[in-house]
Amino acid sequence: MSIQKKQNDMSTNSALQAAYPWTKAPLLASAPMLNIATAPLAVAVSAAGGLGFLAGGFDISSMEGNLEEAVQLIKGSNSTIREVYATSNILPIGVGFLNWGADLLKAIAAIEKYRPCAAWLFGPKKLPDDLRPWVEQIRAVTGGETKIWIQVGTVAEAVVVAESLDPDVLVLQGSDAGGHGLAQSASIITLVPEVNDALGARQLNPISLIAAGGIVDGRGLAASLALGASGAVMGTRFLASSEAKVARGYQEEVLRASDGGVSTARSTVYDRVRGILSWPSRYDGRGVVNQSYVDAVERGMGDEENRALYAEELKKGDAGWGPNARLTTYAGTGVGLVTEVIPAAEIVANVIEEAKNAFAWSC
Ligand SMILES: Cc1cc2nc3c(=O)[nH]c(=O)nc-3n(C[C@H](O)[C@H](O)[C@H](O)COP(=O)(O)O)c2cc1C
């Protein structure tokens, strides 16, 4: 089969630019990381010309407070996002949901009230059926102004979502990604071009493709574009931003770990020790290898004992993180490239600049 013409070309790039006029090209977004991506991080990313996401998660009880804080930060910002918000009444940040648990009615009420520029859907029990009411109702209450982003992890998922839900954006999450993702998936190096070809072959409407998983610098962003994406999402890199709501012990573990193919692993153990048992079975999570993992996977320790040890470890605070400790450090294989904590605005500026330079050099 011949390689399909890249379907997400100028039209999808200009659709993104029209929807998010404050963003710089190429588009760089921060992931809606549960409990970590709160208002300060999301707003700092958008204020710097990226697209920041708040995490609504599966228990969206803190979402409204986060959105309210974001509004205040945006109103006090000296970035163009303040003007964008004042003139359009669209909140220049997105909100992410974990759909296996999130409450649709509460989410729709918050979206109607705050009008975020994007709603990111991920992890439904049944794909695509469970997402249909979300897509329809979000579009209905915002007149299509809140764009629909759906994170998927295989070619089959991308095709079924594109055919049945017509999202504005597909986030293609490869196996290098930190946090939760499909237990079985490929890296973005094959996922992005194969999805691009599959959508092109079916002549589906142009849908913007955004790459996720293992991207931590401008080289990764440039590579995403070369693979056929219109931009990239980073989670792990923003764990080491000044605005991430993350414990010092967690952040130090992100800085310490290197060689992410071996220092991180995909597993359900990190959920099991924390008593989070409701993720659909096709998902697991990538985190830095620690004692909970070693005990469960290499020593066959049962969940009950491992969970009790985890609960004890919580009492240690920051000292509870580390290779010989037990608190979870969700992070992707790019963790070895993350070596310093800097403001999110610097991360956005550096990564976009590096990506432009990488392209200029290769042309
Ligand atoms: C600590 C952490 C928490 C995450 N939480 C969420 C979440 O709540 N919802 C979601 O859709 N994705 C979540 N993700 C996955 C991201 O959306 C994204 O796919 C991933 O971070 C990309 O890979 P990277 O970490 O290598 O950049 C999380 C990732 C990390 C690292």
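Fair warning: this is a prediction, and the values are worked out from it, not measured in the lab. (Residues numbered from 1 in each chain as written. Predicted model: local features only at pLDDT ≥ 70, side-chain atom pairs only at ≥ 80, totals over all residues. Heavy atoms only, no water.)

So, the pairing of strand β2 (residues 51–57)
Most of β2 is tucked away, with seven of its seven residues classed as buried. Of the two faces of β2, both are covered, the one formed by Leu-51, Phe-53, Ala-55 and Gly-57 as well as the one formed by Gly-52, Leu-54 and Gly-56. (Buried < 20%, exposed > 50% of the residue type's maximum accessible area, 1.4 Å probe, protein only. Helix = DSSP H or I, 4+ residues; strand = E, 2+ residues; numbered from the N terminus.)

With respect to the domain arrangement of the chain
Each assigned domain of the chain is listed with its residue range as follows: domain 1 (10–245 + 338–362) and domain 2 (248–335). Its C-alpha centre places domain 1 at a distance of 25 Å from the equivalent point of domain 2. Counting residues at the interface gives 28 residues for domain 1 and 20 residues for domain 2. Taking both sides of the interface into account, the surface hidden between domain 1 and domain 2 amounts to around 2200 Å²; carbon and sulfur atoms contribute 58%. It is Trp-100, His-180 and Leu-239 that lose the most area in domain 1 upon contact with domain 2, and together they represent 27% of the buried surface on that side. On the surface where domain 1 and domain 2 come into contact, there are one salt bridge. Here Arg-282 ties to Glu-157 by a salt bridge, and the two come within 3.8 Å at their closest N and O atoms. On the surface where domain 1 and domain 2 come into contact, there are 15 residue pairs in polar contact (both at pLDDT 80 or more). Mapped by element, the contributors of at least two residues to the side of domain 1 that touches domain 2 are β7 (179–182) and α10 (236–239). (Domains from an automatic or database assignment. Contact = heavy atoms within 4.5 Å. Buried area = accessible area lost by both parts, 1.4 Å probe. Salt bridge = Lys/Arg side-chain N within 4 Å of Asp/Glu carboxyl O. Polar contact = N/O pair within 3.5 Å; in protein donor to acceptor, adjacent residues only side chain to side chain.)

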